[in-house]
Amino acid sequence: MDADLQRNASRNVFLRPDSDRIIELGVAIQQIAAPTGAEATRAAWIAEYLRSLGYEVELDALHNVYARREGARRTPALLISAHTDTVFPHSVDLTVRRDPKHDRIFGPGLGDNSIGVAALLWLAEVLRNAAPPVDLLFLANVGEEGNGDLRGMRAAFEQLTANDPQAIGAAIVIEGMGLSRVVHRALAIRRYRIHVTAPGGHSWSDFGAASAVHVLAQIAADIAHLRPPKSPRTTFNIGIIEGGTSVNTIAQYAALELDLRSEDPAALEAIEQEVQMILSRYQTSRWQQAGVTVTAALIGDRPGGAIPDDHPLVQAAISLLKASGVKPQLSMRISSTDANIPLSRGIPAVCIGVTEGGNAHRTDEWIATQPVEKGLRYLFGLTEWAAAWLAEGIGALSQTTSSSARPDS
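Residues numbered from 1 in each chain as written. Predicted model: local features only at pLDDT ≥ 70, side-chain atom pairs only at ≥ 80, totals over all residues. Heavy atoms only, no water.

Draft legend 1. Fine view of empty space enclosed by the protein. Counted according to the given criterion, the structure contains 2 cavities of 30 Å³ or more. Empty space within the largest cavity amounts to approximately 50 Å³. Around the largest cavity, the lining residues are Gln30, Ile32, Ala33, Ala34, Arg42, Thr86, Phe88, Pro89, Leu94 and Pro108. Of the residues that constitute the lining of the largest cavity, the class distribution is 7 nonpolar, 2 polar and 1 charged. Taken as a whole, the second largest cavity spans an internal volume of roughly 30 Å³. Forming the walls of the second largest cavity are Ile46, Leu50, Val65, Leu120, Leu121, Ala124, Phe138, Leu139 and Ala140. Sorting the residues of the lining of the second largest cavity by element identifies helix H3 (40-52), helix H4 (110-126) and strand E6 (134-141) as the ones contributing at least two each. Taken together, the residues that form the lining of the second largest cavity break down as 9 nonpolar, no polar and no charged. (1 Å grid on protein atoms, 1.4 Å probe; cavity = no way out; pocket = protein on both sides within 12 Å on 5 of 7 lines; lining within 4 Å. Points joined across faces, edges and corners; volume = space filled by probe spheres on them. Nonpolar A, V, L, I, M, F, W, Y, C, P; charged D, E, K, R; others polar. Helix = DSSP H or I, 4+ residues; strand = E, 2+ residues; numbered from the N terminus.)

As structure tokens, this is what we get:
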């Protein structure tokens, strides 16, 4: 594998992406608002761009955009994806600010993930006349952020593997920022909306009646006193609290949204059970007699999964990063990304970045322009290597029926 990577890296030296053009493409994409759940306009723009490159394009009901570069073998194919949604509502000012002195461009959603989508489109352009050894599937998917709950990637896998569970052999997920990171462990997440109702009333004349806000505040305080393990790292966060009508009204409703995460599925289950035990204390007859109801609805379930540090796909990514002149950040290999879906299904996947940046999910989000050229060459090299690796796996499978010949074993 090392010799193959060396040859790959040597070829990439002669690849000179027009990084300025790709950055401007990223800005053009960033200017099209795409809050999670409202990606249709951006998706239509991406679809038209791919058609202008000569691809046959498909959009599904969720506004995922699909294009395929057919290879010598149809399956297992290599999937390359980038999510199109952002955390910002339509009301956010998308004006960009350029700071050439510090090699930065600022703009909400530019790094997460407009420049990632631009890199995907550039890769599709570079490879439009290629003859890859396996099919290359380009996917611009929706629903990665927040309560999108990875629905775009889930739907894509359901569609792409409906007739053949082995249709996807590996996946490369593109994020705009985090060039030095190779994420190959999927952080499992569960999210709940906890809702409280109560009789409520007037703050003076009905004083003593149960308040939904008071009950929810007690529940939130109980959750805040949880002590999850530091290893495996497990976290909780109450991100939203809402409810009540006015300052002089005993609240009839209140709700919060809770985020639970862990490196280990068993630890995640354990903290979930602790939360359920807290809620059960407010679901007894005593509270019911007071007219209080407490319910919890699952609003997010991002599955975990992983490939090991020494997996060929991980090692290839690290080697190609080094060959590109980027020092890999080896301590940050777990996160929640679209790669959660293939990894949870046992399909080798990595999530990579194409530049560095900062202030993600803030209106002063920024990307560095100088690393983009390295990032694009790295993306091209990893795509080329992964397609060849899958093709070699197919060859091994054609000579033996042993499952140990699978490229992801």
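Draft legend 2. Quick look at the layout of surface pockets. Approximately 1200 Å³ is the volume attributed to the largest pocket. Lining the largest pocket are 44 residues, and of these Arg181, Arg261, Ser335, Ser336 and Thr337 lie nearest its centre. Where the lining of the largest pocket is concerned, the elements lending two or more residues are H4, strand E10 (188-197), strand E14 (253-262), strand E17 (334-335), strand E18 (349-353) and strand E19 (357-358). The greatest single-element share of the lining of the largest pocket, amounting to 3 residues, is contributed by E18.

Draft legend 3. Summary view of the sheet that holds strand E16 (residues 305-306). Read from one edge to the other, the open sheet built from 3 strands follows the order E16-E9-E17, with strand pairing classed as mixed. With partners counted over all chains shown, the strands left at the sheet margins are E16 and E17, one partner each. Bridge count between strand E9 (residues 185-186) and E17: 2 bridges; the pairing is parallel. The partner of Ala186 across the bridge, within E17, is Ser335. (Pairing = 2+ DSSP bridges.)

Draft legend 4. Local environment of the packing of helix H2 (residues 19-30) against H3. Orientation of H2 relative to H3, taken along the N-to-C sense of each, is 145°, at an axis distance of 10 Å. Contacts from Arg21, Leu25, Ala28, Ile29 and Gln30 in H2 reach Arg42, Trp45 and Tyr49 in H3. Of the residues belonging to the contact of H2 with H3, the class tally is 5 nonpolar, 1 polar and 2 charged. (Axes fitted to C-alpha atoms, helices over the stretch in contact; angles between N-to-C directions. Contact = heavy atoms within 4.5 Å.)

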